Amino acid sequence: MYTGLGPRVRWLMSQIFSPSTNPLSKISIVAVALLAGGGGLALWEVNSSPFVSRANYPFEQPVPFSHKHHVAGLGLDCRYCHTTVERSAFAGMPATETCMSCHSMIWTNAPMLEPVRQSWATGKSLEWNRVHDLPGFVYFNHSIHVNKGVGCSECHGPVDQMPLMYQANTLYMTWCLECHRNPEMRVRPRDKVFDMKYKHPENQAELGAKLVAEYKIQKLTDCYTCHR
Amino acid sequence: MRFILLTVGAIALIGCRQDMHDQPRYRLNSASDFWSDGRAARPAVKGTVARGMLKTDAGLYTGKINGRDVLEFPFPITKEVLARGKDRFAIYCTPCHGLTGHGDGMIVTRGLKNPPSYHSEALREAAPGHIFDVITNGSGSMMSYGARIPVKDRWAIVAYIRVLQQSQNVKLAQLTTEEVEKVKASERPAAPEKKAAKKGGSH
């Protein structure tokens, strides 16, 4: 037997794992696969959770404005406050003047409206917290959606039932594309766009296809439709 | 080997940054700590006129010419304009004035005072320019709607208010025989309008 090797090399060539660890190596093959899959799944879950997407939890606001009260309760149209939704990219946040159109006469001493009165008196803006916060690399235009028969509630959910505003959908690209690929499943007649109670009829596919043709709705799925 | 690991790790870390997501630019109505009023949107310098926005047509933009209410609409009132007026009226005016303009909108049920009815002699006689001016600048406890409703829509609303006034003040002699028959056939001639007004008030 050749014994010219030093003790260090002999140690290196000895067996590291004893035969009793053989089952472990087999188990570890499965375990690694499971862990990788599980880890992926966990990441997916976290990514689609409200923690990341911000969907489904109400935001703190300087004034606890209730869409439920003003829309379902009082019957105000969306456009009474969001005045530019039909003609600009931005739906429009109401000026303090809009609030004061009524609240200079009613609930004039309500503590929760103090910031509104302060804003009116000083001319400083109310600082609302943005609920629907699209990434900076996304171009979105309200007016084209509204004018092509996409209802408010399609994206914003049952706003007339929200005491505090929350985001009803993830606003993820996959969510946008779902409709951009199949608009006929989501469009409604133009005169129903601001109807918060609107339910799609059973023959939506049929009606949708008709509206898509009538309103000349394109299936815009090019990258540059939104990323420009 | 170590180099590759570090590179991959560094790339992974970069992937977590949100620079593209939260870009250092202002969006509409953003706050700004640069300007003293805290707003990113800057008020136009006095006297600035945006391209195509020179408001030389005083009658169209103010409802007044030489300080006097204009007596005629600044553009032809078509069926489309009336339909637009009806639509805009429903959004912006009905909460207070009611669907028929009797001043019985939703706010009355919430404890606010009735706004004046459109169906008074004075308002029936009022010039279109006067109504336009009230919408634009407000009047009494009514706030200005000039910033909320574009100018042509305001005129369309004025036109629709004229329709409402007409609808509540028709003399029997003005109707055709057919229409008179219709009126006689129904026991309560104003029933459909009344119903509409009630609907507006029950919100």
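Everything discussed here concerns the structure shown above.
For clarity, every value in this text was computed on a predicted model and none was experimentally measured. (Residues numbered from 1 in each chain as written. Chains lettered and ligands numbered in written order. Predicted model: local features only at pLDDT ≥ 70, side-chain atom pairs only at ≥ 80, totals over all residues. Heavy atoms only, no water.)

Asker: Would you explain the overall build of chain A in this entry?
Answerer: Helix and strand content of chain A: 12 helices and 0 strands. For chain A, the succession of helices and strands along the chain, N to C, is α-α-α-α-α-α-α-α-α-α-α-α. A compact globule built from 228 residues would reach a C-alpha radius of gyration of about 17 Å, whereas chain A, at 29 Å, exceeds it by more than 25%. Its C-alpha atoms give chain A principal-axis dimensions of about 105 × 50 × 35 Å. (Helix = DSSP H or I, 4+ residues; strand = E, 2+ residues; numbered from the N terminus. Rg over C-alpha atoms; globule rule 2.2 N^0.38 Å.)

Asker: Explain the overall build of chain B to me, please; I cannot follow it from the model alone.
Answerer: Of regular secondary structure, chain B possesses 10 helices and 2 strands. For chain B, the N- to C-terminal ordering of α and β elements is α-α-β-β-α-α-α-α-α-α-α-α. Within chain B, the proportion of its 203 residues that are buried is 31%. Pairs at least 24 apart in sequence give 53% of the contacts found in chain B among residues at least 6 apart. Per element, the accessible surface of chain B, about 14000 Å² overall, is 59% carbon and sulfur. (Buried < 20%, exposed > 50% of the residue type's maximum accessible area, 1.4 Å probe, protein only. Contact = heavy atoms within 4.5 Å. Areas by Shrake-Rupley, 256 points an atom, 1.4 Å probe, with all protein chains shown as cover.)

Asker: Help me out: how do you make sense of the interface of chain A and chain B in this one?
Answerer: The interface is formed by 31 residues belonging to chain A together with 25 residues belonging to chain B. Each partner contributes to the roughly 2700 Å² buried at the junction of chain A and chain B, and carbon and sulfur atoms together form 54% of this total. The tally of links between chain A and chain B comes to 2 salt bridges. As a salt-bridge pair, Arg 88 of chain B and Glu 86 of chain A come within 2.8 Å of each other at their nearest N and O atoms. Here chain A and chain B share 11 residue pairs in polar contact (both at pLDDT 80 or more) between them. Counting residues per element, the ones that place at least two in the side of chain A that touches chain B are helix H4 (67-73), helix H5 (78-81) and helix H6 (96-103) of chain A. Of the residues belonging to the side of chain A that touches chain B, the class tally is 13 nonpolar, 10 polar and 8 charged. (Buried area = accessible area lost by both parts, 1.4 Å probe. Salt bridge = Lys/Arg side-chain N within 4 Å of Asp/Glu carboxyl O. Polar contact = N/O pair within 3.5 Å; in protein donor to acceptor, adjacent residues only side chain to side chain. Nonpolar A, V, L, I, M, F, W, Y, C, P; charged D, E, K, R; others polar.)

Asker: Would you take a moment to explain the nonpolar core for this structure?
Answerer: It is characteristic of soluble globular proteins that their nonpolar side chains tend to be buried jointly. Of all hydrophobic cores here, the largest spans 31 residues; its most connected members are Tyr 80 of chain A together with Phe 89, Tyr 92, Ile 135, Trp 155 and Ile 157 of chain B. For this core, the elements supplying multiple residues, two or more each, are H5 of chain A together with helix H3 (79-92), helix H5 (106-109), helix H7 (128-137) and helix H8 (151-167) of chain B. Per-element tally for this core: the top contributor is H8 of chain B, with 8 residues. Contacts of Phe 89 of chain B, omitting those with residues within four sequence positions, involve Thr 94, His 97, Gly 98, Leu 99, Tyr 118, Ile 157, Tyr 160, Ile 161 and Leu 164 of chain B. Ranked by size, the runner-up nonpolar core spans 14 residues in total, among them Val 85, Val 146, Met 162 and Ala 168 of chain A. (Core = buried A, V, L, I, M, F, W, Y, C linked by side-chain atoms within 4.5 Å.)

Asker: What am I meant to see in the packing of H3 of chain B against H8 of chain B here?
Answerer: What describes two packed helices is the angle between their axes and the distance between those same axes. All names here are of chain B. Direction vectors running N to C along H3 and H8 enclose 90°, while the axes themselves pass 7 Å from each other. By the angle between their directions, the pair H3 and H8 is classed as roughly perpendicular. Side by side, H3 and H8 meet where Val 81, Leu 82, Arg 84, Gly 85, Lys 86, Arg 88 and Phe 89 of the first sit next to Asp 153, Ala 156, Ile 157, Ala 159, Tyr 160, Ile 161, Val 163 and Leu 164 of the second. Of the residues that constitute the contact of H3 with H8, the class distribution is 10 nonpolar, 1 polar and 4 charged. (Axes fitted to C-alpha atoms, helices over the stretch in contact; angles between N-to-C directions. Parallel < 35°, antiparallel > 145°, perpendicular 65-115°, else oblique.)

Asker: In this structure, what is going on with the side chain of Arg 154 of chain B? I would like to understand it.
Answerer: Residues and elements named next belong to chain B. One can find Arg 154 in helix H8. Engagement of the side chain of Arg 154 in a polar contact is seen with the backbone oxygen of Ile 149, the distance being 2.7 Å. Apart from residues lying up to four places away in sequence, Arg 154 is in contact with Phe 132, Ile 135, Thr 136, Tyr 145, Gly 146 and Ile 149.

Asker: Is there a simple way to explain the packing of aromatic side chains in this structure?
Answerer: Remark: the centre distance and the inter-plane angle together describe each pair of aromatic rings, the angle taken between the planes. One pass over the structure, following the stated rule, counts 8 aromatic pairs over all chains. Among the aromatic residues, those joined into a cluster by ring pairs are Tyr 80 of chain A together with Tyr 92 and Tyr 145 of chain B. Between the NZ or CZ atom of Arg 79 of chain A and the centre of the ring of Phe 194 of chain A, over which it lies, the distance is 3.7 Å. Taking the ring centre of Tyr 215 of chain A as reference, the NZ or CZ of Arg 190 of chain A above it sits at 3.9 Å. (Phe/Tyr/Trp six-rings, centres within 6.5 Å; stacked < 30°, edge-to-face > 60°. Lys NZ or Arg CZ within 6 Å of the ring centre and 35° of its normal.)

Asker: Sorry, what's going on with the side chain of Asp 160 of chain A here?
Answerer: Residues and elements named next belong to chain A. Within the secondary structure layout, Asp 160 lies in the loop between helix H9 (152-156) and helix H10 (173-181). Given the relative accessible area of 4%, Asp 160 is considered buried. With sequence-adjacent residues up to four places away left out, Asp 160 is seen in contact with His 67, Lys 68, Val 71, Ala 72, Met 196 and Lys 197.

Asker: Looking at this model, I keep getting lost on the environment of Val 52 of chain A. Mind explaining?
Answerer: Residue and element names in this part refer to chain A. Tracing the backbone shows Val 52 in helix H3 (residues 50-53). Residue Val 52 is classed as partly exposed on the basis of its relative accessible area, which comes to 35%. Once residues lying within four places of it in the same chain are set aside, the contact partners of Val 52 are Val 46, Asn 47 and Tyr 172.

Asker: Just checking my understanding: could you explain the packing of H7 of chain B against H8 of chain B for this structure?
Answerer: Residue and element names in this part refer to chain B. For the pair H7 and H8, the least separation of the axes is 9 Å and the interaxial angle reads 125°. Our classification of the angle between H7 and H8 gives oblique. Where H7 crosses over H8, the two elements pack in a sense that is right-handed. Across from Pro 128, Gly 129, Ile 131, Phe 132, Ile 135 and Thr 136 in H7, the residues of H8 making contact are Val 151, Arg 154, Trp 155, Ile 157, Val 158, Ile 161 and Arg 162. The residue makeup of the contact of H7 with H8, split by class, is 9 nonpolar, 2 polar and 2 charged. (Left-handed = near helix turned anticlockwise from the far one by under 90°.)

All we've got here are geometric facts, nothing functional implied.
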